Amino acid sequence: MKRTRAFEDVLAQIERRIAEDGLTVGDRLPGERQLAEQLGVGRSSVREALRVLETLGVVSSQVGRGPDAGAVLTSRPDTALTDLLRLNLGLATLEQREVVDARLMIERWSAAHAAATRAGTAELATAIEGMDRAATAEEFVEHDTAFHCAIADASGNRLIAAIMRSLRDAMRRNAIEAVERLGDPSVLRADHERIRAAIAAGDPEEAQRAVTDHLAHAYPALFPGH
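Residues numbered from 1 in each chain as written. Predicted model: local features only at pLDDT ≥ 70, side-chain atom pairs only at ≥ 80, totals over all residues. Heavy atoms only, no water.

Visitor: Where do I start with the nonpolar core in this structure?
Guide: The tendency in soluble globular proteins is for nonpolar side chains to be buried side by side. Grouped together as the largest cluster of nonpolar side chains are 33 residues, with contacts concentrated most on Phe147, Ile151, Ile195, Ile199, Tyr219 and Phe223. Elements with a minimum of two residues in this core: helix H5 (96-116), helix H6 (122-133), helix H7 (137-154), helix H9 (172-182), helix H10 (186-201) and helix H11 (204-218). Contacts of Tyr219, omitting those with residues within four sequence positions, involve Gln96, Val100, Arg103, Asn174, Ala175, Ala178 and Arg181. One finds Ala36, Leu39, Leu53 and Ala71 within the second-largest nonpolar core, a separate group that totals 12 residues. (Core = buried A, V, L, I, M, F, W, Y, C linked by side-chain atoms within 4.5 Å. Buried < 20%, exposed > 50% of the residue type's maximum accessible area, 1.4 Å probe, protein only. Helix = DSSP H or I, 4+ residues; strand = E, 2+ residues; numbered from the N terminus. Contact = heavy atoms within 4.5 Å.)

So this is what it looks like as structure tokens:
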């Protein structure tokens, strides 16, 4: 129980320092002894917590003494969260219906929130241009993923963005197969432009409708009668 609390405290401290701009990628964490004193836990608990953070890709630990010893921040915690979520999604046995339902809920909310706050759409336009240049389904999906992740980013909710990015990465093969089944991606291209325009116009209801219609076009079997 004590070790679990140590891990949570170390992670919370890193997040607080990032939020306060006191710690960025490449910066070094306090040593084990100092962390243990600050958190009121044993050094063995701190050591285990740092091993977990290293596994998640948040820090890189270096053994030794002097200025090159200790743990260095290698990525933001939200990046590690995305990787962890993707691993769990990839290992789970999920039906396509479950994945699309999750996307529908997440993307409708994200698009509506982005529209309500008049979020910028430059990244969405860039992704659409990439889809226009795509020569294969794989290339199309790469830019399509960037488009939908940009919507989640525009919502301003980092957890939603991490979940969306993990979901798309884990289900990349399904997305490619959906594009291949459709054959002509022009209808998807039109859907993307409609979503972008709704967000740019600050129209949350239209943004939600556009997202729903888009997923119905991509997965018609899951939207009978749409």
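Visitor: Help me understand the pattern of salt bridges in this model?
Guide: A side chain with one charge can pair with a side chain of the opposite charge if their charged atoms come near. The full count for this structure, using the stated rule, is 11 salt bridges. For Glu32, the salt bridge identified is with Arg47, shortest N-O distance 3.0 Å. Taken as a pair, Glu32 in helix H2 (residues 32-39) and Arg47 in helix H3 (residues 43-55) lie far apart in primary sequence, 15 residues in all. Residue classification places Glu32 among the partly exposed residues on the basis of a relative accessible area of 23%. A salt bridge links Glu206 to Arg209; the shortest N-O distance between them is 3.2 Å. With Glu206 and Arg209 both in helix H11, this residue pair falls three residues apart, about one helical turn. For Glu206, a relative accessible area of 18% gives the class buried. The structure contains a network of salt bridges with shared partners spanning Arg194, Glu206, Arg209 and Asp213. (Salt bridge = Lys/Arg side-chain N within 4 Å of Asp/Glu carboxyl O.)

Visitor: Could you clarify how one ought to interpret the packing of aromatic side chains in this entry?
Guide: Think of a pair of aromatic rings as described by two things: how far the centres are apart, and how the planes are tilted against each other in angle. As enumerated under the stated definition, the model contains zero aromatic pairs in all. Across from the ring centre of Phe223, 5.7 Å away, lies the NZ or CZ of Arg97, which sits over that ring. (Phe/Tyr/Trp six-rings, centres within 6.5 Å; stacked < 30°, edge-to-face > 60°. Lys NZ or Arg CZ within 6 Å of the ring centre and 35° of its normal.)

Visitor: Got a minute to help me understand unusual backbone geometry in this structure?
Guide: Within the chain, Arg118 stands out as a residue other than glycine whose phi angle is a positive 50°. Note that Arg118 resides in the loop between H5 and H6.

Visitor: Just checking my understanding: could you explain the side chain of Arg196 for this structure?
Guide: With respect to the helices and strands, Arg196 occurs in helix H10. Judged by relative accessible area, Arg196 falls into the buried class, the value being 19%. Apart from the residues lying within four places of it in its own chain, the contact partners of Arg196 are Thr121, Leu124, Ala125, Ile128 and Phe147.

Visitor: Explain H2 here, please?
Guide: Owing to its 3.6 residues per turn, the α-helix aligns residues three or four sequence positions apart on the same side. For H2, the complete set of buried residues consists of Leu35, Ala36 and Leu39. Buried residues of H2 fall within an arc of 100° about the axis and therefore sit on the same side. Projecting away from the buried face of H2 at angles above 90 degrees are the exposed residues Arg33 and Glu37. Just downstream of H2 lies Gly40, where phi reads positive at about 70°. (Arc of directions from axis to C-beta.)

Visitor: Sorry if this is basic, but what is going on with the side chain of His214 here?
Guide: Along the chain, the position of His214 falls in helix H11. Since its relative accessible area comes to 3%, His214 is described here as buried. Polar side-chain contacts of His214 include one of 3.2 Å to the side chain of His148. When near neighbours in sequence (up to four residues on either side) are disregarded, His214 contacts Asp144, His148, Leu188, Asp191, His192 and Ile195. (Polar contact = N/O pair within 3.5 Å; in protein donor to acceptor, adjacent residues only side chain to side chain.)

Visitor: What should I look at first to understand the packing of H10 against H11 in this one?
Guide: Each packed pair of helices is defined by two parameters, the angle between the axes and the distance between the axes. At a minimum axis distance of 8 Å, the contact between H10 and H11 shows a crossing angle of 165°. Here H10 is positioned roughly antiparallel relative to H11, judged by the angle of their axes. The chirality of how H10 crosses H11 is left-handed. Here Val187, Leu188, Asp191, His192, Arg194, Ile195, Ala198 and Ile199 of H10 lie close against H11, whose contacting residues are Glu206, Ala207, Arg209, Ala210, Val211, Asp213, His214, His217 and Ala218. Among the residues making up the contact of H10 with H11, the classes are represented as nine nonpolar, three polar and five charged. (Axes fitted to C-alpha atoms, helices over the stretch in contact; angles between N-to-C directions. Parallel < 35°, antiparallel > 145°, perpendicular 65-115°, else oblique. Left-handed = near helix turned anticlockwise from the far one by under 90°. Nonpolar A, V, L, I, M, F, W, Y, C, P; charged D, E, K, R; others polar.)

Visitor: What exactly am I supposed to notice about helix H8 (residues 158-170) here?
Guide: Taking 1.5 Å of rise per residue, the 13 residues of H8 would be expected to cover 18 Å, and the 18 Å separating its terminal C-alpha atoms lies within 8% of that figure. The opening residue of H8, the one whose side-chain oxygen lies 3.0 Å from the backbone nitrogen of Leu159, is Asn157. (Expected span 1.5 Å × (residues − 1).)

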